[in-house]
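Here is what each chain is made of, one letter per residue.
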Amino acid sequence: MKKILFIVLTSVALISTGCEGLLEEEVYGQPTAEEMLSDPENVAKVVGQAYAEVKWLHDHWGYWGITTISSDECVNPIRVPGNDWSDDGYWKGFNDHSWTANDLSFEFVWQYSNTGAVLCNKIISQLEGIKETLDPQIFAQFSAELKVLRTYYYYTLFDAFGRIPYLDNYSSASVPQLEPWEVWNKLITCLEEEAPNLPIV
């Protein structure tokens, strides 16, 4: 009995002292954007985040879907037996041009394109905050890359909707929708100004 009591008390003592310091966490893998950008080698990694929404735009539920399935370029077949890929006739509506403004694909394009454009503006703002620590050519190259990518996001919005909000800085301000010709002029101007700063690969 004494042996069992000794083992139990020893176990309790080990358990209670063995947990000291376990709640003091040291984080190694979650640097802030400012910490990342303090090392010029990491700038490309931060800039790379801006491409995150492109994968969704090129999905059949995104920009690729609404522009190709609604044209003669693509038809979404229904697999038989069953109704695989039918989605309750959703894609047939694009093929025969009977979609509505409430269709989910339009919401996705609006969300992904705007999110991508805002992310480009955010990273441009972060780069401008450390501009003096970067090589001027590197800054110009990454800034141009982000502005051209932002132009792509805005182009998908423009092509899908015509009148869109356009913001070329990082702000939470409400932006009025511009007329299509105003958007087009901004897209062309940005490309003409920034193309010379892009690297030739």
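Parameters at a glance
Residues numbered from 1 in each chain as written. Predicted model: local features only at pLDDT ≥ 70, side-chain atom pairs only at ≥ 80, totals over all residues. Heavy atoms only, no water. Core = buried A, V, L, I, M, F, W, Y, C linked by side-chain atoms within 4.5 Å. Buried < 20%, exposed > 50% of the residue type's maximum accessible area, 1.4 Å probe, protein only. Helix = DSSP H or I, 4+ residues; strand = E, 2+ residues; numbered from the N terminus. Contact = heavy atoms within 4.5 Å. Patch = residues over 30% accessible without salt bridge, like charges linked within 9 Å, V, L, I, M, F, W, Y side chains within 5 Å. Areas by Shrake-Rupley, 256 points an atom, 1.4 Å probe, with all protein chains shown as cover. Salt bridge = Lys/Arg side-chain N within 4 Å of Asp/Glu carboxyl O. Axes fitted to C-alpha atoms, helices over the stretch in contact; angles between N-to-C directions. Parallel < 35°, antiparallel > 145°, perpendicular 65-115°, else oblique. Left-handed = near helix turned anticlockwise from the far one by under 90°. Nonpolar A, V, L, I, M, F, W, Y, C, P; charged D, E, K, R; others polar. Phe/Tyr/Trp six-rings, centres within 6.5 Å; stacked < 30°, edge-to-face > 60°. Disulfide = S-S within 2.5 Å.

Q: What exactly am I supposed to notice about the nonpolar core here?
A: Within soluble globular proteins, side chains that are nonpolar generally end up buried alongside one another. Residues Leu 127, Leu 146 and Tyr 154 are the most contacted members of the largest nonpolar core, which totals 39 residues. If you list the elements that add at least two residues to this core, you get helix 3 (43-48), helix 4 (54-57), helix 5 (63-68), helix 6 (90-95), helix 7 (104-129), helix 8 (136-161) and helix 9 (180-194). Among the elements that line this core, the one with the most residues is helix 7, at 9 residues. Apart from the residues within four sequence positions on either side, Leu 146 is in contact with Val 47, Ala 50, Cys 120, Ile 123, Ile 124 and Leu 127.

Q: Explain a nonpolar patch on the surface to me, please; I cannot follow it from the model alone.
A: Together, Tyr 155, Trp 184 and Ile 188 give the surface a local cluster of nonpolar side chains, amounting to about 250 Å² of exposed area. Within the fold, Ile 188 resides in helix 9.

Q: Just to check I follow, could you spell out the packing of helix 8 against helix 9 for this structure?
A: The axes of two packed helices give the description: the angle between them and the distance between them. For the pair helix 8 and helix 9, the least separation of the axes is 10 Å and the interaxial angle reads 155 degrees. Between helix 8 and helix 9, the angle falls in the class roughly antiparallel. The hand of the helix 8/helix 9 crossing is left-handed. On helix 9, the residues that touch Ala 144, Lys 147, Val 148, Arg 150, Thr 151, Tyr 154, Tyr 155 and Phe 158 of helix 8 are Pro 180, Val 183, Trp 184, Leu 187, Cys 190, Leu 191 and Glu 194. Of the residues contributing to the contact of helix 8 with helix 9, the split by class is 11 nonpolar, 1 polar and 3 charged.

Q: Just checking my understanding: could you explain the side chain of Ser 86 for this structure?
A: Note on placement: Ser 86 falls in the loop between helix 5 and helix 6. With residues up to four places along the chain from it excluded, the contact list for Ser 86 reads Ile 78 and Trp 91.

Q: Quick question: what am I supposed to make of the packing of aromatic side chains here?
A: In this description, a pair of aromatic rings is defined by centroid distance and the angle of the planes. Counted according to the given criterion, the structure contains 17 aromatic pairs. Between Tyr 152 and Tyr 153, the aromatic rings sit 6.3 Å apart at their centres with planes inclined by 50 degrees, giving tilted as the arrangement. Note on Tyr 152: relative accessible area 26%, which makes it partly exposed. Taken together, a centroid distance of 5.7 Å and an interplanar angle of 35 degrees make the contact between Phe 158 and Trp 184 tilted. Of this pair, Phe 158 sits in helix 8 while Trp 184 sits in helix 9, placing them 26 residues apart in sequence. Judged by its relative accessible area of 17%, Phe 158 falls in the buried class. Members of the aromatic cluster, each reached through a chain of ring pairs, are Trp 56, Trp 61, Tyr 90, Trp 91, Phe 94, Trp 99, Phe 106, Phe 108, Trp 110, Tyr 112 and Phe 161.

Q: Looking at this structure, how should I read the state of the cysteines?
A: Two cysteines joined by a covalent bond between their sulfur atoms form a disulfide. Applying the stated criterion to the full structure yields 0 disulfides. Left without a disulfide partner, Cys 190 is nearest to the cysteine sulfur of Cys 120, which lies 9.9 Å away. Residue classification places Cys 190 among the buried residues on the basis of a relative accessible area of 7%.

Q: Could you clarify how one ought to interpret the pattern of salt bridges in this entry?
A: Side-chain pairs of opposite charge can arise where the charged atoms are in close proximity. In this structure the tally under the stated criterion is 3 salt bridges. The partner of Asp 96 in a salt bridge is Lys 92, and the shortest N-O contact between them spans 3.0 Å. Taking relative accessible area as the criterion, Lys 92 reaches 54% and is therefore assigned exposed. The partner of Arg 163 in a salt bridge is Glu 179, and the shortest N-O contact between them spans 3.2 Å. With Arg 163 in the loop between helix 8 and strand 1 (164-165) and Glu 179 in the loop between strand 2 (177-178) and helix 9, the pair connects residues that are 16 residues apart, well separated along the chain. A residue is classified by how much of its surface remains accessible, and Arg 163, at 37% relative accessible area, is partly exposed. Residue classification places Glu 179 among the partly exposed residues on the basis of a relative accessible area of 34%.

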